[in-house]
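Below are the chains, spelled out letter by letter.
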Protein chains: 2
Amino acid sequence: MSTATPTSRSLADAFTAKGLRLTAQRRVLLEIIESATSHLDAAGLLQLARDRDARINRATVYRTLEILKKLGLIDELDLMHLNGEKHYYEIRTGRDHIHLACFECGRIEEYESPVFDQLKQEIAQKQGFSIGVVRMEVGGRCSICVRANSREQ
Amino acid sequence: MSTATPTSRSLADAFTAKGLRLTAQRRVLLEIIESATSHLDAAGLLQLARDRDARINRATVYRTLEILKKLGLIDELDLMHLNGEKHYYEIRTGRDHIHLACFECGRIEEYESPVFDQLKQEIAQKQGFSIGVVRMEVGGRCSICVRANSREQ
DNA sequence: ATTAATGCAAAGGATTTGCAATACC
DNA sequence: GGTATTGCAAATCCTTTGCATTAAT
């Protein structure tokens, strides 16, 4: 969920372009992040990384995530703290989106809209705010859960 | 930053209406939250409460915040984690707003817009999502900081 | 009087840090 | 070879919990 489209093709490219060393650990972490199909938290990322290379340490995971965040290559999500205070991460694509978190079933939906883009533009223009990161999260009940218990309050 | 306008006049009223006991500690906490001019974190709230009544314990602060959150009377903010992972709280007013966090000077601006309201409506209608809480936070540089260092990138 | 709410102190989860050892460029 | 990066283990920050005590209704 961001604003500028990353220019490099891969995270590894961005690392070397910045003069950062491409260690074995980083290679593994970047690949996992790039191919992730779901929102990963630090512990999950560590686990997946260790499945490939047992040497990887938790501190390295956090340090790598920190770099990626600062470079604007990943976004950090809270997902409405549905499962504790940990953070989730996703690679930044060209299209920002909103995360809808269902308090009932726990599902996370992604939603994008021209109105969302319009809102960001408006903030930049009317407020003169130079947007770096945007995070919009909505908590409530997804359509499935709403329909399922329409009889209950 | 929410969706429904609270119906009760005061937080204390809401507590008694729900059959919750109005203890001395809660009275103090609710008053502070109601009259707060800035975004409070749990530690700040505890400090202000202790200034009035030294007996108040941290656990009580957290437990009270939890209740208020569940009742939808306050909103929980991250403010882009500008100052660590703690949460900030603000009383829910009728008008939802976006928080703009300046990474440079740390200032938090509040922004509201019909486009924001339109976006929420759209999410509810098109996605069929029953919205309980909305949190939108934007990180970047405020207009003052942008102007101040217009020569630097 | 009953039971919710509190204080205390300890536990918990997530993340960060200092520093010596390692490995990339 | 020089320096960035890592692993380790401890520290830190924020928040939560169990349980005996207190106080609101």
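Residues numbered from 1 in each chain as written. Chains lettered and ligands numbered in written order. Predicted model: local features only at pLDDT ≥ 70, side-chain atom pairs only at ≥ 80, totals over all residues. Heavy atoms only, no water.

**Remarks on the protein's contact with DNA strand C**
Near DNA strand C there are 21 residues, and of these A:Y62, B:Q25, B:R55, B:T60 and B:R63 occur at the shortest range. Here a phosphate oxygen of DNA strand C and a side-chain polar atom of B:T23 are 2.8 Å apart. Within the contact set of DNA strand C, a sugar or linking oxygen lies 2.7 Å away from a side-chain nitrogen or oxygen of B:Q25. Mapped onto the surface near DNA strand C, the elements with two or more residues apiece are α4 (58–70) of chain A together with α2 (24–35) and α4 (58–70) of chain B. Counting residues per element, the surface near DNA strand C draws most heavily on α4(A), which supplies four residues. Here the residues of the surface near DNA strand C sort into seven nonpolar, six polar and eight charged. (Near = heavy atom within 4 Å. Polar contact = N/O pair within 3.5 Å; in protein donor to acceptor, adjacent residues only side chain to side chain. Helix = DSSP H or I, 4+ residues; strand = E, 2+ residues; numbered from the N terminus. Nonpolar A, V, L, I, M, F, W, Y, C, P; charged D, E, K, R; others polar.)

**Description of the side chain of A:H99**
Secondary-structure assignment places A:H99 in strand β4 (residues 98–102). A polar contact of 3.3 Å, which involves the side chain of A:H99, links it to the side chain of A:H39.

**Here's the deal with the protein's contact with DNA strand D**
Near DNA strand D you find 21 residues, and of these A:Q25, A:R55, A:T60, A:R63 and B:Y62 are the closest. Here DNA strand D approaches the protein such that, of its atoms within 4 Å, sugar and phosphate make up 62%. At a separation of 2.6 Å, a phosphate oxygen of DNA strand D approaches a polar backbone atom of A:R55. Within the side chain of B:R21, a nitrogen or oxygen atom sits 3.2 Å from a base nitrogen of DNA strand D. Elements with a contribution of two residues or more to the surface near DNA strand D: α2 (24–35) and α4 of chain A together with α4 of chain B. Tallying contributions element by element places α4(B) first for the surface near DNA strand D, with four residues. Across the surface near DNA strand D, the residue classes break down as seven nonpolar, six polar and eight charged.

**Let's talk about the domain arrangement of chain A**
Residue and element names in this part refer to chain A. What the domain assignment lists for chain A is domain 1 (1–94) and domain 2 (95–153). Using only C-alpha atoms to locate each centre, domain 1 and domain 2 end up separated by 23 Å. Contact residues are listed per partner, giving 15 residues for domain 1 and 21 residues for domain 2. Between domain 1 and domain 2 lies a buried interface of about 1,500 Å² when both sides are counted; carbon and sulfur atoms form 53% of it. (Domains from an automatic or database assignment. Contact = heavy atoms within 4.5 Å. Buried area = accessible area lost by both parts, 1.4 Å probe.)

**Overview of the relation of the copies chain A and chain B**
Mapping chain A onto chain B calls for a screw motion: a turn of 180° about the axis and a shift of 0.0 Å along it, with 0.1 Å RMSD after fitting. Considering both components of the superposition, the chain copies are consistent with a two-fold axis. Among all residues of chain A, the one whose C-alpha sits closest to the rotation axis is A:M136, at a distance of 2.1 Å. Counting the interface residues of chain A, we find that 100% of their copies in chain B are interface residues as well, pointing to one common contact surface. (Least-squares fit on C-alpha atoms with pLDDT ≥ 70 in both.)

**Some points on the nonpolar core**
By size, the foremost hydrophobic cluster in this structure holds 30 residues, and its most contacted members are A:I123, A:M136, B:I123 and B:M136. Where this core is concerned, the elements lending two or more residues are β4, α5 (114–127) and β6 (130–141) of chain A together with β4 (98–102), α5 (114–127) and β6 (130–141) of chain B. Formed by 21 residues, the second largest nonpolar core is a distinct cluster that contains A:L29, A:L45, A:A49 and A:I74. (Core = buried A, V, L, I, M, F, W, Y, C linked by side-chain atoms within 4.5 Å. Buried < 20%, exposed > 50% of the residue type's maximum accessible area, 1.4 Å probe, protein only.)

**A look at the sheet that holds β6(B)**
Taken in spatial order, the six strands of this open sheet run β5(A)-β4(A)-β6(A)-β6(B)-β4(B)-β5(B), and their pairing is mixed. Each of the sheet's edge strands pairs with one partner strand only, and the pair in question is β5 (108–111) of chain A together with β5 (108–111) of chain B. In this sheet, adjacent strand axes meet at a mean angle of 20° when their direction is disregarded. Both β4(A) and β6(A) contribute to a ladder of four bridges, which runs parallel. Considered in β6(A), the bridge of A:A101 is made with A:G139. Across the sheet, α5(B) lies against β4, β5 and β6 of chain A together with β4 and β6 of chain B, angled at about 135° from β6(B), the strand it touches most. (Pairing = 2+ DSSP bridges. Axes fitted to C-alpha atoms, helices over the stretch in contact; angles between N-to-C directions.)

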